[in-house]
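Reading the structure
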2 protein chains.
Amino acid sequence: MKQEHMDQIQKAAAAVKAKKVNHFYFVACGGSKALFEPAQYIMDRECDMAATVYSSNEFVHRAPKALNENSVVITCSHSGNTPETVKATEVARAKGATTIAFSHLTDSPLWKAAEYPIHYNWADESDASDYNNAALYSLIFHILNAMQPCEKYDRAISCIEKIPVLLQKNVDAHADAAKQFGSDYKRENMIYTMASGANYGVAYSFAICLLMEMQWIHSHAIHSGEYFHGPFEVTDFDVPFIIIKGLDECRPLDERAHAFCKKYSNKIVLIDTANFDMSDIDDDLKGYFAPLATGAVLRKYADEIADHRGHPLSVRRYMWRMEY
Amino acid sequence: MKQEHMDQIQKAAAAVKAKKVNHFYFVACGGSKALFEPAQYIMDRECDMAATVYSSNEFVHRAPKALNENSVVITCSHSGNTPETVKATEVARAKGATTIAFSHLTDSPLWKAAEYPIHYNWADESDASDYNNAALYSLIFHILNAMQPCEKYDRAISCIEKIPVLLQKNVDAHADAAKQFGSDYKRENMIYTMASGANYGVAYSFAICLLMEMQWIHSHAIHSGEYFHGPFEVTDFDVPFIIIKGLDECRPLDERAHAFCKKYSNKIVLIDTANFDMSDIDDDLKGYFAPLATGAVLRKYADEIADHRGHPLSVRRYMWRMEY
């Protein structure tokens, strides 16, 4: 990770340490919001304070009464231009909350709205230890360690440096499977995703960003636990599901959902992180880092289905093309 | 509301008051989980403590570190037999949390697992002031008032008694619209729902319980704010959306989503709670009570589409029919 980014992260963590904090709010839209789900999972597991995720405009209008100077509000927008997320950051800062924002664009409206802006890289794949999710994980472990010495801190920071290798190895290992997926599923107009725990965010962003937004394929990220309380009744031999099995504490939920689903659907795409090469990551951190590898692998699946459908991931009919 | 239920609610609220509470966890599965969404909305608006909703098995396996004797864990299962919810209640109680459980069945496993069980009615529609959501609202306002005198308390409790009239009037007013929906949409195999704020739970339960579970129709409850960050790209002239416009602070999100969606889809079913007869409910409580009326109205829509499809809402292929 670039020293400049590390400095920004350390400054933000020091600001959190200096305050009497009782609530972490993660606030963003769409793919950036999905990014926050594993961060909230880590906070739930490692920290005895409240950590909640909100879509930006819901946060602005709901205006939680608990939002005050003891809150930390962490926001993210790739362009730094998402109006709802800029507004959420402004609202939080006006309430006295500590505001930390991730953005790929410095000097963007979001950058200016937050007290502690953090830049992340995007363009160069070899630099994935400096991507949004890597920078976010670095912040989370810096904050955990700042509030109370965290035994996992040093190891987590060193695992972050191994993210580029982690992603590349597992993306390469899934090249054939991704091609097969693109070929087999190119005519589907509805594909469910399913996950739980640290991976739910990845399932959500694949459903709403990759499938719905970039491929115009209907989707819905089903929570593996919720599956049995309604959604499973749609399961049939010709209903496609992408099921992610995580490495975190919620894996039994994914295993149960997969075991049932495979009995009644002939169209299951299983992403089992137990088969990933996670050898560079410490055992007790594998569950936390699995979503990063899963996200990169699924991106490859999206590339392939886009290719087989002749529908580039960059095409939009509404987004950026009109006022909304 | 029956005096026996009121006694149970008051006893639970007194137990919360007696403790130094800092976090409310709402934990359930499927439709019962959806029931908790508006309760969490009310807590976010009226109370300066953390309030979070978890699917039961996620809660059990994630095991939030913040769960302790200062937590209140509120669970719900209609039958009182949902194993994940019983387990969540047991886990919470073992951690010293105050456990409150709603169930239609007394002496069920859930009833025995919780320190403060609360019974609710179901069979008789005239008694909707004693239903699960009514009992839950009563508990929420009793807790709010127990922790700190709540100006809305007396009025909220008296509005709860008016729920049967509220539901009946609005269900009756939507009889023709519901029939039309059943006829017009009976051949759709995919129907999205959309809402935000206090109504998101109703959109979620209509999607996963009524459409997916009871009609085997594909669905996904899109959050009105998230719609613009991915999902809206699937919008097309022939893609059906049920859009709920609420009366709470998040209504602008629903209005924006509807304004956009109606330009590109010819299949929009609008449930606008501004057109509901809410005259029995105090102005500043209308947003909180709208989801109850919306849920009852949507149930009528479900009855009609089931009737037009010859697929009774009671039919299941997996649920209760096998081990899973």
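All of these numbers come straight from a predicted model, not from anything done at the bench.

Conventions adopted
- Residues numbered from 1 in each chain as written.
- Chains lettered and ligands numbered in written order.
- Predicted model: local features only at pLDDT ≥ 70, side-chain atom pairs only at ≥ 80, totals over all residues.
- Heavy atoms only, no water.
- Least-squares fit on C-alpha atoms with pLDDT ≥ 70 in both.
- Contact = heavy atoms within 4.5 Å.
- Salt bridge = Lys/Arg side-chain N within 4 Å of Asp/Glu carboxyl O.
- Helix = DSSP H or I, 4+ residues; strand = E, 2+ residues; numbered from the N terminus.
- Buried < 20%, exposed > 50% of the residue type's maximum accessible area, 1.4 Å probe, protein only.
- Expected span 1.5 Å × (residues − 1).
- Buried area = accessible area lost by both parts, 1.4 Å probe.
- Polar contact = N/O pair within 3.5 Å; in protein donor to acceptor, adjacent residues only side chain to side chain.
- Patch = residues over 30% accessible without salt bridge, like charges linked within 9 Å, V, L, I, M, F, W, Y side chains within 5 Å.
- Areas by Shrake-Rupley, 256 points an atom, 1.4 Å probe, with all protein chains shown as cover.
- Axes fitted to C-alpha atoms, helices over the stretch in contact; angles between N-to-C directions.
- Left-handed = near helix turned anticlockwise from the far one by under 90°.
- Nonpolar A, V, L, I, M, F, W, Y, C, P; charged D, E, K, R; others polar.
- Domains from an automatic or database assignment.

Quick notes on the relation of the copies chain B and chain A
Overlaying chain B with chain A gives an RMSD of 0.0 Å, the required rotation being 180 degrees about an axis along which the chain moves by 0.0 Å. Expressed as a symmetry operation, the mapping of one chain copy onto the other fits a two-fold axis. The C-alpha atom lying nearest the rotation axis in chain B is that of H220 of chain B; the distance is 2.6 Å. A symmetric contact is evident, with 100% of the interface residues of chain B recurring at the interface of chain A.

Here we look at the pattern of salt bridges
All names here are of chain A. Here the structure, examined in full by the defined rule, presents 35 salt bridges over all chains. Between D277 and K169 there is a salt bridge whose closest N-O contact spans 3.3 Å. On the criterion of sequence distance, the pair formed by D277 in the loop between β9 (268–272) and α12 (286–309) and K169 in helix α8 (residues 163–173) is long-range, its members being 108 residues apart. Look at D277 and you get partly exposed, because its relative accessible area is 31%. According to the relative accessible area criterion, K169 is partly exposed, its value standing at 27%. One salt bridge in this structure joins E304 and K179, with 4.0 Å as the shortest N-O distance. Of this pair, E304 sits in helix α12 while K179 sits in helix α9 (residues 175–185), and the two are 125 residues apart along the sequence. For K179, a relative accessible area of 46% puts it in the partly exposed group. Taken together, the salt bridges that share partners define one network made up of E151, R155, D282 and D284.

Overview of helix α1 (residues 3–17) of chain A
Look at α1 of chain A: 21 Å from first C-alpha to last across 15 residues, which is about the 21 Å you get at 1.5 Å a residue. Of all the residues in α1 of chain A, the buried ones are H5, M6, Q8, I9, A12, A13, A15 and V16 of chain A.

Things to note about the interface of chain B and chain A
At the junction of the two partners, chain B supplies 68 residues and chain A supplies 68 residues. Across the interface of chain B and chain A, roughly 5900 Å² is buried in total on both sides, 55% from carbon and sulfur atoms. Counting the surface chain B buries against chain A, the share from its top three residues, R62, E233 and Y318 of chain B, is 13%. In this assembly, chain B and chain A are joined by six salt bridges. Between D236 of chain A and R317 of chain B there is a salt bridge, with the nearest N and O atoms lying 2.9 Å from each other. Applying the counting rule to chain B against chain A returns 45 residue pairs in polar contact (both at pLDDT 80 or more). Among the elements of the structure, β1 (23–28), α2 (30–46), β2 (50–55), α3 (56–62), β6 (190–195), α10 (200–215), β7 (218–223) and α11 (251–264) of chain B are those that each provide at least two residues to the side of chain B that touches chain A.

Details of a nonpolar patch on the surface
A cluster of nonpolar side chains, namely W320, M322 and Y324 of chain B, defines an oily patch on the protein surface of about 340 Å² accessible area. Within the fold, W320 of chain B resides in the segment after α12 (286–309).

Thoughts on the packing of helix α1 (residues 3–17) of chain B against helix α6 (residues 132–147) of chain B
Residue and element names in this part refer to chain B. With their axes 9 Å apart at the nearest point, α1 and α6 run at an angle of 35 degrees to one another. Crossing hand, α1 versus α6: right-handed. Two secondary-structure elements touch here, α1 through M6, I9, Q10, A12, A13, V16 and K17 and α6 through A135, S138, L139, H142, I143, A146 and M147. Residues of the contact of α1 with α6, tallied by class, amount to ten nonpolar, three polar and one charged.

Quick notes on the domain arrangement of chain A
Residue and element names in this part refer to chain A. Segmentation of chain A into domains returns domain 1 (3–160) and domain 2 (165–309). For domain 1 versus domain 2, the distance between C-alpha centres works out to 26 Å. In this assembly, domain 1 packs against domain 2 so that about 1700 Å² is buried in total across both faces, 68% of it on carbon and sulfur atoms. Three residues stand out in domain 1 for area buried against domain 2, namely Y41, Y137 and C159, and they jointly supply 34% of the buried area on that side. Counting across the domain 1 and domain 2 interface gives three salt bridges. With a shortest N-O distance of 3.4 Å, R45 and E249 are connected by a salt bridge. Counting across the domain 1 and domain 2 interface gives seven residue pairs in polar contact (both at pLDDT 80 or more). Counting residues per element, the ones that place at least two in the side of domain 1 that touches domain 2 are α2 (30–46), α6 (132–147) and α7 (153–160). Residue classes in the side of domain 1 that touches domain 2 are distributed as ten nonpolar, three polar and eight charged.

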